[in-house]
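Now for the letters of each chain:
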Amino acid sequence: MQRKALIAGNWKMHTTLVDGCALATGVAKSFDGKDDREVLIAPPFTIVSEVSHVIKDSGVIIGGQNVCWETSGAFTGEISPTMLHDAGATAAIIGHSERRQIFGENDEMINKRVRGAIKFKLLAVLCVGETLEERESGNTFSVLETQVRKGLDQVTAEEMKQVVIAYEPVWAIGTGKTASKEQAQETHAFIRGLIENLFEKGVAEELRILYGGSVKPVNIDELMAQPDIDGALVGGAALDVESFGRIINFK
Ligand code: PGA
């Protein structure tokens, strides 16, 4: 089964209007538009709208870095799915380890966000990943199983078409330490197997599983050559046009 690759750039809390628009323009220009892949960028909320204007018609998709489950209301500091649509976004990153670790988001809240994104027709990029301590104590698979099960609670097989999972080992994020291609492949295969158990084979075969954690121009090709790695979620290297340009045009 041929899954369309997805390369996503998570800009985190970086860029303001001028440099963000310049970066987005550069990304759009460097994307060679191959139809076997999609490119997504997730700028800070404040510039989603401007960035989406700047790169409209380029084929690059825009996402938010988080999303609430309600369309409006008393949710200070949150962004709603309708607001994201309004600003030109069609996807949302959910459950990033920085949201989990620094801002205390738990699996229940992340599940609400996933279901909210699905309900309002956004592509939900659900992030999961173990810490170094969890890996070293041999708990990687049980941690991932809990995050995947709880994150996808009450999501139907049909709705899984709107879900992408990003496996991001916490110890590899922003550290320059990438999981080896073998480690990443093993974990992706585990997640795919879990999805088959939770849903059905067809859902597992169609699901795109991205790898994230110090993805760079030097390691993208070998990661993408793994059978269960369908794309990447890129942080640091997504802020540099040349690096991200090389990553999106992986071989
Ligand atoms: P990194 O970040 O590429 O800088 O490691 C990845 C992420 O946090 O999504």
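In what follows, the structure referred to is the one given above.
Every chain is numbered independently, its residues counted from 1 as its sequence is written. Under the rules for a predicted model, residues below a pLDDT of 70 receive no local features and side-chain atom pairs below 80 are neither given nor counted, while totals for whole chains, interfaces and linings still include all residues. Here the side-chain values reflect all heavy atoms present in the structure, with hydrogen atoms and water set aside.

Caption draft 1: Spatial organisation of the overall build of the protein chain. Counting its regular elements, the protein chain contains 11 helices and 8 strands. Throughout, radius of gyration means the C-alpha value; the globule benchmark is 2.2 Å times the number of residues raised to the power 0.38. What you see for the protein chain is a C-alpha radius of gyration of 17 Å, in line with the 18 Å of a compact globule of 251 residues. Considered along the principal axes of its C-alpha atoms, the protein chain spans approximately 45 × 45 × 35 Å. Each of the 251 residues in the protein chain was classed as buried or not, and the buried ones make up 54%. By definition, any uninterrupted DSSP run of H or I lasting at least four residues is a helix, any uninterrupted run of E lasting at least two residues is a strand, and each is numbered from the N terminus. Each residue's exposure class comes from its accessible area (1.4 Å probe, protein chains only) as a fraction of the maximum for that residue type: buried when under 20%, exposed when over 50%, partly exposed otherwise.

Caption draft 2: Highlighting the sheet that holds strand S5 (residues 123-128). Two strands qualify as a pair provided that DSSP identifies no fewer than 2 bridges between them. Spatially, 8 strands are ordered S1-S2-S3-S4-S5-S6-S7-S8 in a closed barrel, and the strand pairing comes out parallel. For this sheet, the mean angle separating the axes of adjacent strands, direction not counted, is 25°. On top of the sheet, helix H10 (residues 217-224) reaches strand S1 (5-10), strand S7 (208-212) and strand S8 (231-234); it is set at about 150° to S1, its chief contact. A fitted line through C-alpha atoms represents every axis, and for helices the fit uses only the stretch in contact; the resulting angles, taken between N-to-C directions, go from 0 to 180 degrees. For this analysis, residues touch if any pair of their heavy atoms sits within 4.5 Å.

Caption draft 3: Examining the nonpolar core more closely. Counting residues in hydrophobic clusters, the biggest one holds 66 residues, and the most contacted among them are Ile-7, Ile-41, Leu-152 and Ile-195. Among the elements that take part in this core, helix H1 (residues 17-30) stands out by supplying 5 residues, more than any other. Among buried residues, those of type Ala, Val, Leu, Ile, Met, Phe, Trp, Tyr and Cys that are joined through side-chain atoms within 4.5 Å constitute a nonpolar core. Within the second largest apolar cluster, 14 residues are counted, among which are Leu-40, Ala-42, Ala-91 and Leu-210.

Caption draft 4: The arrangement of the pairing of S5 in detail. The element S5 is extensively covered by neighbouring structure, given that 6 of its 6 residues are classed as buried. Alternating residues of S5 divide into Leu-123, Val-125 and Cys-127 and Ala-124, Leu-126 and Val-128, and every residue in both groups is buried. One ladder, built from 4 bridges, connects strand S4 (residues 91-94) with S5; its direction is parallel. If you follow Ala-92 over to S5, its bridge partner there is Ala-124. The sheet contact formed by S5 and strand S6 (residues 163-167) spans 5 bridges and is parallel. In the sheet register, Val-125 faces S6, and the bridge partner there is Val-164.

Caption draft 5: Up close: the pattern of salt bridges. A carboxyl oxygen of Asp or Glu within 4 Å of a side-chain nitrogen of Lys or Arg is what we treat as a salt bridge. For the structure shown, the criterion picks out 18 salt bridges. Salt-bridge contacts for Asp-230 lead to Arg-3; the nearest nitrogen and oxygen are separated by 2.8 Å. Linking Asp-230 in the loop between H10 and S8 with Arg-3 in the segment before S1, this pair joins segments that are 227 residues apart in sequence. Residue classification places Arg-3 among the buried residues on the basis of a relative accessible area of 15%. Put simply, Arg-192 and Asp-228 hold a salt bridge, and the shortest N to O gap is 2.5 Å. Of the two residues, Arg-192 sits in helix H8 (residues 181-198) while Asp-228 sits in the loop between H10 and S8, which places them 36 residues apart along the sequence. As far as the burial class goes, Arg-192 and Asp-228 line up, both buried. Connected through salt bridges with shared partners, the residues Arg-3, Arg-192, Asp-228 and Asp-230 form a single ionic network.

Caption draft 6: Examining the site of the ligand more closely. One heavy atom within 4 Å of a molecule or strand is enough for the residue carrying it to be called near that molecule or strand. Contacts to the ligand come from 13 residues, most closely from Lys-12, His-96, Glu-168, Gly-174 and Ser-214. What qualifies as a polar contact is a pair of N or O atoms within 3.5 Å, subject to a donor-acceptor requirement within protein and to the restriction that residues adjacent in sequence count only when both atoms come from side chains. One of the side-chain nitrogen or oxygen atoms of His-96 is found 2.7 Å away from an oxygen atom of the ligand. Between an oxygen atom of the ligand and a main-chain N or O atom of Gly-236, the distance comes to 2.8 Å. Shrake-Rupley sampling with a 1.4 Å probe provides the accessible areas, and residues are treated as covered by the protein chains on show and by no other component. Relative to its unbound accessible area of 280 Å², the ligand is 97% covered by the protein chains. Each residue is assigned to one class: nonpolar for Ala, Val, Leu, Ile, Met, Phe, Trp, Tyr, Cys and Pro, charged for Asp, Glu, Lys and Arg, and polar for all the others, Gly among them. Looking at side-chain class alone, the shell around the ligand contains 4 nonpolar, 7 polar and 2 charged residues.

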